[in-house]
Amino acid sequence: MNEYKKEIDQRRTFAIISHPDAGKTTLTEKLLLFGGAIHVAGAVKSNKIKKTATSDWMEIEKQRGISVATSVMGFEYAGYKINILDTPGHQDFAEDTFRTLTAVDSVIIVIDGAKGVETQTRRLMEVCRMRKTPVMVFINKMDREGQDPFDLLDEIEKELQIRVRPLSWPIDMGQRFRGVYNIHEGALNLFTPDKQRITESVTITDLNSSELEQHITPEQAEKLRMDLELVDGVYPEFDREEYLSGDIAPVFFGSALNNFGVQELLNCFVEIAPSPRPVKAEEREVSPYEPAFTGFVFKIHANMDPNHRSCIAFIKICSGRFERNASYKHVRLGKSLKFSSPTAFMAQRKETVEEAFAGDIIGLPDTGNFRIGDTITAGEELHFKGLPSFSPELFKYIENQDPMKTKQLAKGIDQLMGEGVAQLFVNQFNGRKIIGTVGQLQFEVIQYRLLHEYGAACRWEPISLYKACWIESDDPAELENFKKRKSQFMAKDLVGRDVYLADSGYVLTMAQQDFPKIRFHFTSEFGK
């Protein structure tokens, strides 16, 4: 058991979240560089001209320069096994990110030093707060002109509603940026702008000695001493327990693009971040140290390899040890499944694993058995909860543009909807397929992926809808009556549940008043 406990204690599974363009994918790549998982930054070249980051491997991501799917990457560093989930920053993909947050034990938030806290970051932080997830903050782009560090920290405290404690401090910024003082380790790290090489570090025990002036200008040295005195006066001592309970966020400064300040962040992270934590199921709390395997599906990805029409279900292991070819129970289907080729990931490169432990993320080939939120166990009836599907805000009819490709389109829609990127409703009145999303960009991504991955051309047609509501009632007659009255607006979702597509807020309110015995739900989470 000790050997087993050691395996789990070495694991660090976390997500990197931020607003688009704050530098999240660049930071992910630099962490992989330190872990030896890649050897050159931008190691995945999509063509001769443009380097693209390792974690953005879907074709559309390379073209548009944004991350649209959560990537999973594992590497080893200083004796720890680290799993990073790089999430899409774009708000149209917030749902994917929210789900990812249910699969991690801690979070690193990246903030642009010039722009400060942006809306998307605020929303994601609410999810972390709700789940009491420990958070670290990396303030990026210090090699550009930006806000005063103290102002930034005030803004983070106010906007993200969390106390902060700087563990490194910048020496100037922009053109004059000279590096950071690593408060956590008591070392001065000097900045040489270099995307591939790591910077020099000087240990300085006494900041008041004149040694400091040998490395930076007297003005910078004076300012650094004053700043650090102020930091100690204003911010509480760093307390790991407070960090683990989600009450305080350690803050690091640096420039991910220039590989600066990243190693300090990583060293401190592996030391203080939590190993896998207990996960609540509806029946009980599951400890990572329990010997029996349990896990849940938090993401499904179609076409990781466009040459093989394969779906992969990403499983977060909550407890025990997963073994290849062992029989496990799929709780929702009530059947036993064996997996001969479970994989671990390094962005798109994947390798078959013999075993995996609590805290790990593995991919299982999916032939249509899995849905997001499914639980897999060694035999126990368990249901992990809290993987929301939001009620979509935008709706369009999806139409086939090429009658010869009807089968490809149907398969493509089926697989992409299974990923949870958007939701499919089939109108029961006219049989037309309606796609609902939380953002406009998703329509573009779906159209692009259907064409490039399935060879199916689709077109969108407008439909004016206000909200999708899942309905249920203990009174069958009332439900029947409602469905008759609203027959033109009744649809079924992917798993065959009744959905009422309300075309305005007023109509919805009236329906709720006229049918008091019907329950209207705005996420698909109820009744599982």
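The structure this text deals with has already been given above.
In this text, all values refer to a predicted model and were calculated from it rather than measured experimentally.

**Student:** Honestly, the overall build of the protein chain in this entry has me stumped. Any pointers?
**Tutor:** Across its full length, the protein chain carries 13 helices and 33 strands. Contacts spanning at least 24 positions in sequence make up 71% of the contacts within the protein chain whose residues lie at least 6 apart. Carbon and sulfur atoms make up 50% of the accessible area of the protein chain, which totals about 22,200 Å².

**Student:** Looking at this model, I keep getting lost on the nonpolar core. Mind explaining?
**Tutor:** Side chains of nonpolar character tend, in soluble globular proteins, to be buried together. Counting residues in hydrophobic clusters, the biggest one holds 57 residues, and the most contacted among them are Leu101, Ile139 and Leu224. Three or more residues apiece are contributed to this core by two domains, here domain 1 (1-173 + 235-276) and domain 2 (277-375). Not counting the four nearest positions on each side in its chain, Ile139 is found in contact with Ile111, Gly113, Leu152, Leu153, Ile156, Val251, Phe252, Phe253 and Gly254. Ile16, Ala22, Leu244 and Ile272 belong to the second-largest nonpolar core, a separate cluster that totals 30 residues.

**Student:** Explain unusual backbone geometry here, please?
**Tutor:** Backbone geometry follows two general trends: most residues other than glycine have a negative phi, and most peptide bonds adopt the trans configuration. A positive phi angle, close to 50 degrees, is found at Ala78, a residue other than glycine. Here Ala78 shows up in the loop between strand E4 (71-77) and strand E5 (80-86). Although it is not a glycine, Lys141 adopts a positive phi angle of roughly 65 degrees. Considering the arrangement of structural elements, one finds Lys141 in the loop between strand E7 (135-140) and helix H6 (149-160).

**Student:** What's the story with the pattern of salt bridges in this structure? I'm lost.
**Tutor:** Once their charged atoms are close, side chains differing in charge can pair, the charge on each being opposite to the other. All chains considered together, the criterion is met by 28 salt bridges. Here Lys141 ties to Asp112 by a salt bridge, and the two come within 3.4 Å at their closest N and O atoms. Of this pair, Lys141 sits in the loop between E7 and H6 while Asp112 sits in strand E6 (residues 106-112); the two residues are 29 residues apart in sequence, bridging distant segments of the chain. Under the relative-accessibility criterion, Asp112 is labelled buried at 4%. Measuring nitrogen to oxygen at the nearest pair gives 2.9 Å for the salt bridge that ties Arg284 to Glu290. The structure contains a network of salt bridges with shared partners spanning Glu7, Arg11, Lys81 and Asp360.

**Student:** So what exactly am I meant to see when it comes to the sheet that holds strand E27 (residues 423-427) here?
**Tutor:** Hydrogen bonds along the backbone pair up the strands of a sheet, which may run parallel or antiparallel. An order of E29-E26-E28-E27-E31-E32-E30-E33 is seen for the eight strands of this open sheet, with the pairing classed as antiparallel. Each edge of the open sheet carries a strand with a single partner, namely strand E29 (458-462) and strand E33 (518-521). Geometrically, the sheet is characterised by an average inter-axis angle of 40 degrees between neighbouring strands, direction not taken into account. With three bridges joining them, strand E31 (residues 490-492) and strand E32 (residues 498-502) adopt antiparallel strand pairing. Considered in E32, the bridge of Lys492 is made with Asp498. Against the sheet, helix H13 (residues 505-514) engages strand E30 (467-473), E32 and E33, with an angle of about 130 degrees to E32.

**Student:** What's the story with the packing of aromatic side chains in this structure? I'm lost.
**Tutor:** Aromatic rings considered in pairs are described by the distance between their centres and by the relative angle of their planes. Evaluation of the coordinates by the stated rule reveals 17 aromatic pairs. Seen from their ring centres, Phe14 and Phe269 are 4.4 Å apart, and the 55 degrees between their planes marks the pair as tilted. In this pair, Phe14 is assigned in strand E1 (residues 11-18) and Phe269 in helix H9 (residues 262-272), connecting sequence segments 255 residues apart. Phe269 shares its class with Phe14; the two are buried.

**Student:** Quick question: what am I supposed to make of H9 here?
**Tutor:** Because each turn of an α-helix spans 3.6 residues, side chains separated by three or four positions in sequence point in the same direction. Burial analysis of H9 places eight of its 11 residues in the buried class, which makes it a mostly covered element. All of the buried residues along H9 are Val262, Glu264, Leu265, Leu266, Cys268, Phe269, Val270 and Ile272.

**Student:** Sorry if this is basic, but what is going on with the packing of helix H2 (residues 24-34) against H9 here?
**Tutor:** Helices that pack against each other are described as a pair by the angle of their axes relative to one another and the distance between those axes. Two numbers describe how H2 lies on H9: the axes approach to 10 Å, and their chain directions differ by 70 degrees. As judged from the angle between their axes, H2 and H9 are roughly perpendicular. Across from Leu27, Lys30, Leu31 and Phe34 in H2, the residues of H9 making contact are Val262, Gln263, Leu265 and Leu266. The class makeup of the residues in the contact of H2 with H9 is six nonpolar, one polar and one charged.

Conventions adopted
Residues numbered from 1 in each chain as written. Predicted model: local features only at pLDDT ≥ 70, side-chain atom pairs only at ≥ 80, totals over all residues. Heavy atoms only, no water. Helix = DSSP H or I, 4+ residues; strand = E, 2+ residues; numbered from the N terminus. Contact = heavy atoms within 4.5 Å. Areas by Shrake-Rupley, 256 points an atom, 1.4 Å probe, with all protein chains shown as cover. Core = buried A, V, L, I, M, F, W, Y, C linked by side-chain atoms within 4.5 Å. Buried < 20%, exposed > 50% of the residue type's maximum accessible area, 1.4 Å probe, protein only. Domains from an automatic or database assignment. Salt bridge = Lys/Arg side-chain N within 4 Å of Asp/Glu carboxyl O. Pairing = 2+ DSSP bridges. Axes fitted to C-alpha atoms, helices over the stretch in contact; angles between N-to-C directions. Phe/Tyr/Trp six-rings, centres within 6.5 Å; stacked < 30°, edge-to-face > 60°. Parallel < 35°, antiparallel > 145°, perpendicular 65-115°, else oblique. Nonpolar A, V, L, I, M, F, W, Y, C, P; charged D, E, K, R; others polar.

Don't take any of this as a statement about function, it's just geometry.
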